[in-house]
Every structure is written in structure tokens, then in C-alpha cells.
Amino acid sequence: MIGQPYGSKVFSRSTKGFIYVLSPTPELWSTVVPNRTQIVQPSDQSFVIFRLDMKPGDTVIESGTGSGAMSTAIMRAIAPTGHLHTFEFNEARADRARAEFVKNGLASLVTVKHRDVCGREGEGGFGDQLNGKADAIFLDLPEPWLAVPHAHAALKPNKKVCSYSPCVEQVQRTCTVLREWGFHSLATVELRIRPYQLYEADLDLPDWGSSTATAAAAAADAAPAPAPVLEAMAVESEASTDAAACEAPSETASPPVRLGVKRPRPEGGEDDGTGAETLGAEGCGRPASRGSPDASDARASPDPRASPNPSSRAGGGGDGVGEDGKKVVPMRHVLTAKPAPNMRGHTAFLTFAIRGTSDAAGRKRTEGKAAEGSGGDVGVADASAAAAAA
């Protein structure tokens, strides 16, 4: 396998199996990465990268490294000149992710730091060296609202932040704090993948009548006054009554004809030579004269799927004749789709917001929280935590 170009098919020497040599991608890495935590799925990864406008050369901050699946997708988007600063509060997970990035040849694109940005354990935030430097921030935290003040400090004006939360209560609380800190254009999105099943089918084409009926319908449409239209939508139990009403008087009763389509009726009908007026093929779905050779064929059509005649799968309208001389109903071969009965369940809500151009809202928020303290200075994260506890 070593030295083979990507896309090669390599067969096993001991078994009958084979494998394909594929180029490593974030999507493939997401399927094999050791899941130390719940990963961000590829569908969510691509949507976040798109909405945050990540591009080569960007400086991106991620809080919640986890298994590193989202980190790998971000690095592909900002390579080769961008850089990712990812933070993980669990030291063991941070060390493991750092080692995997080095093994995958991504060390130059990422800096992994062990820190709780929410300030629950030790100093919070992303560090003063990143203030005003971030082009995008992605938060995958249990309490993302505690990191909003630090995101406001690190983001450039008019840049975006995204919060990844599985519960709608987290979304509500985060949106409240985002508005308090001057973020605007808030939007929450949930992505669901709905697979579709494709299959081929043969559909019977409806019998719209003979060419005479078609010409009569065109003449009726061109006339100043519309011609009367026979609307017959009969069920099987009413077929005999409707057919009897359509056929001319005769000494020998004809079998009932089923009606199931709407056809235009020419003015005056047709004369079968006996003085009786009949509707003909355009009115009752059968020839005008019962003595015509197609009269019996119009009452019973063979199953087109059982007929070997290729005309049964014709795509156009009109009647065909099989090799045995019997009438064949034309069919149309189509490709159709329907939703699969099962679809993947909920993963998370994605909340997006844009940082405003003014720092007034952030300063006002910080000063207000500091004033609520009992004499001493209150940090941004501690003030948010106190409000959450209250």
C-alpha cells in the first residue's frame, strides 16, 4: 500500500478482500477518531465553517477541543497560513489531542492549551494576547454563556461567534447574554439529515382519447363560448350506470365501460348511422361505433408489464398495438424518490451572532456587574457565575 497513489485499489494477499487508498480528510478522520467526547458531526462542521466565514489566513479560537474532529475541519479551512487556538479544560484530553495533531502533520496550524475559559477552575478567558485578534470563535461548552464576555474581548468587530449546544435551555441563556454584550443578528439553526430512497418505476400513461377528441378539444378552446365538458369520475360500482348512459340504444347491450378521466365532448356528438346520437371515443372512452374492430379492445386492456412488446414502455401518449394484435397501454419509465422512514436524531443547536463595532455595551456590562459586588472588584466570569447561581 505504501507508495500507491490515492484512489488505488489494493487487494489482500491472504484473503479475497481489497481496500481503497484514500487521502486523509476531516470527514474520514471523524469516522475513526477515538471518541473521548461526543464529536461535532461533518454536516455541522461544514455549516459552522461556512457561516463563520472561515478562510485561509484566519485566526480562529475554539473552546472545547474534545476529540479534535472539529479542530481538524477548522484547520483544513484556514490552512496554510491561518492558525487555530483551541482550549480544553481536561488536561488528559488536551495532551491526547496535541499528540494526534502532531502525528497527523497539523502541528504548525494549531496551538492546544489546557485552560477553563469559563473561569470555573483558575483563570478564565483566552488570554490577553488574543484580545481583538480572532476572526471567528467556536464554543462547544456546557455553559457557553460564561464565555461570551471573553469572546467579545477576543473577536474583531463585525466577526462572528458560534455556540454548539444540545439543549434549548442553553440556547436561551446564551442568547440573553449575547444581546447584553452587544452582539446582533442572532440566529439558531438545527441540522437534520433526511435520506431519500431512489427507485425506478413504470407508470401507466392515462388515455386522453383519440386524435379526433384532441382536435375537438382544441376547437372548443378556440371557440368564443366554451363547449360543454363531460366530467366523469366514476367508481367501479357506478361504471355500469355511466356506461349505459353514454352508449347508443341497441338491441344487444354492451358490457359496461369504466370511466376514469376527464375528456372534452364535441358539440353534437357523433352519428352511428342509425339516427341515434352517441358520444364516441371522446365521450365514453370507446369507439363511436360498436361495430368497429377496436370496440372490444377498448373495454379490456392486457397487463402492460406482462406484455413483451416494447411499445408498452413508450414514453408518449396514444395507444400501441402488440405483436399479438391486442391493444397495449403505453407506459413511462421514471426515476422517483421518497423520504426514508428513519432519519438521524437531534445532535445540537447552532447559535450564531455577530460582534458589534462598539465596545460600549461590553464596558457597561462589566461596570454593572462590578457594581453588584460587595466592595471588591468582580471579574467578568465571576459576575456571570454569580448571576447564574442567583
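Everything below is about the structure shown above.
Every residue gets a number counted from 1 within its own chain, in the order that chain's sequence is written. For a predicted model such as this one, the threshold for reporting local features is a pLDDT of at least 70, and the threshold for listing and counting side-chain atom pairs is 80 or more; totals across whole chains, interfaces and linings nevertheless cover every residue. Based on all heavy atoms of the structure, the side-chain values leave hydrogens and waters out of the count.

*Asks:* Is there a simple way to think about a nonpolar patch on the surface in this case?
*Replies:* On the surface, Phe11, Phe18, Tyr20, Leu22 and Leu28 cluster together to form a nonpolar patch covering roughly 530 Å² of accessible area. Only DSSP runs of H or I with at least four residues qualify as helices, and only runs of E with at least two residues qualify as strands; both kinds are numbered from the N terminus onward. Mapped onto the fold, Phe11 is located in strand S1 (residues 9-11). Remark: exposure states derive from per-residue accessible area (1.4 Å probe, protein chains only) relative to the maximum for the residue type, with buried under 20%, exposed over 50%, and partly exposed in between. By relative accessible area, which is 53% here, Phe11 ends up exposed. By definition, no residue in a patch forms a salt bridge, and every one has over 30% relative accessible area; like charges are joined within 9 Å, nonpolar side chains (Val, Leu, Ile, Met, Phe, Trp, Tyr) within 5 Å. For the accessible areas, the method is Shrake-Rupley and the probe is 1.4 Å, while residue cover comes only from the protein chains on display. Any carboxyl oxygen of Asp or Glu within 4 Å of a side-chain nitrogen of Lys or Arg constitutes a salt bridge here.

*Asks:* Looking at this structure, how should I read the pairing of strand S4 (residues 83-88)?
*Replies:* When a strand is regular, its side chains alternate between the sheet's two faces. Summarising burial for S4: five of the six residues are buried, a large majority. Note: two strands are recorded as paired if DSSP finds a minimum of 2 bridges between them. Here strand S3 (residues 59-63) runs beside S4; their pairing, made up of five bridges, is parallel. Along S4, the bridge assignment pairs Ile61 with His85. Crossovers are marked right-handed if the path from the first strand over the helix to the second runs clockwise, as seen with the strands pointing away from the viewer. For the segment spanning S3, helix H3 (residues 69-78) and S4, crossover handedness is right-handed. Bridge count for S4 against strand S5 (residues 110-114) is five bridges, and the pairing is parallel. Directly across from His85, in S5, lies its bridge partner Thr111. This β-α-β element, S4 to helix H4 (residues 91-103) to S5, shows right-handed connectivity.

*Asks:* How should I be thinking about the sheet that holds strand S8 (residues 184-189) in this particular structure?
*Replies:* Hydrogen bonds between backbone atoms are what pair the strands of a sheet, whose relative direction is either parallel or antiparallel. Strand order across the open sheet formed by seven strands is S5-S4-S3-S6-S7-S17-S8, with mixed pairing between neighbours. Each edge of the sheet is formed by a strand with only one pairing partner; in this case those strands are S5 and S8. Averaged over all neighbouring strand pairs, the angle between strand axes comes to 15 degrees, with direction disregarded. Taken together, the four bridges between S8 and strand S17 (residues 349-354) define a ladder with antiparallel strand orientation. Along S17, the bridge assignment pairs His184 with Ile354. Between two residues, a contact is recorded if the distance between any of their heavy atoms is within 4.5 Å. To obtain each axis, a line is fitted to C-alpha atoms, and for helices this fit is confined to the stretch in contact; angles are then taken between N-to-C directions over 0 to 180 degrees. Where H3 meets the sheet, it contacts S3, S4, S5 and strand S6 (134-139), and its direction lies at approximately 165 degrees from that of S4. Helix-sheet contacts for H4 involve S4 and S5, and the interaxial angle to S5 is about 165 degrees.

*Asks:* Please explain unusual backbone geometry as it appears in this structure.
*Replies:* As a rule of thumb, non-glycine residues mostly have phi less than zero, and peptide bonds are mostly trans rather than cis. Between Ala79 and Pro80 the backbone carries a cis peptide bond, its omega angle lying at 10 degrees. As for its position among the elements, Pro80 is in the loop between H3 and S4. The residue Asp53 is not glycine, and still its phi comes out positive at about 55 degrees. Tracing the backbone through its elements, the reader meets Asp53 in the loop between helix H2 (42-51) and S3. A residue is classified by how much of its surface remains accessible, and Asp53, at 44% relative accessible area, is partly exposed. Positive phi, close to 65 degrees, is recorded for Asn158, a residue that is not glycine. As for its placement among the helices and strands, Asn158 is situated in strand S7 (residues 155-165).

*Asks:* I tried to follow the packing of aromatic side chains on my own but got confused; where do I start?
*Replies:* The relative placement of two aromatic rings is captured by the distance of their centres and the angle of their planes. Ring geometry is summarised as follows: Phe, Tyr and Trp rings, the Trp one being its six-membered ring, pair when their centres sit within 6.5 Å, and such pairs are stacked at plane angles under 30 degrees, edge-to-face over 60 and tilted between the two. Under the counting rule described, the total for this entry stands at five aromatic pairs. Centroid distance Phe11 to Phe18: 5.7 Å. Interplanar angle 55 degrees. Geometry classified as tilted. In this structure Phe18 comes out as partly exposed when scored by relative accessible area, which is 41%. Taking the centre distance of 5.9 Å and the plane angle of 70 degrees together, the rings of Phe47 and Phe352 count as edge-to-face. Linking Phe47 in helix H2 with Phe352 in strand S17, this pair joins segments that are 305 residues apart in sequence. Classification of Phe352 by relative accessible area gives buried; the value is 3%. Charge-over-ring contacts are defined here by two conditions on Lys NZ or Arg CZ: a distance within 6 Å of the ring centre and an angle within 35 degrees of the ring normal. Directly above the aromatic system of Phe18 lies the positively charged group of Lys9, at a separation of 4.0 Å from the ring centroid. A cation over an aromatic ring shows up here: Arg51 above the ring of Phe352, its NZ or CZ 4.6 Å from the ring centre.

Any link to function would need more than the numbers given here.
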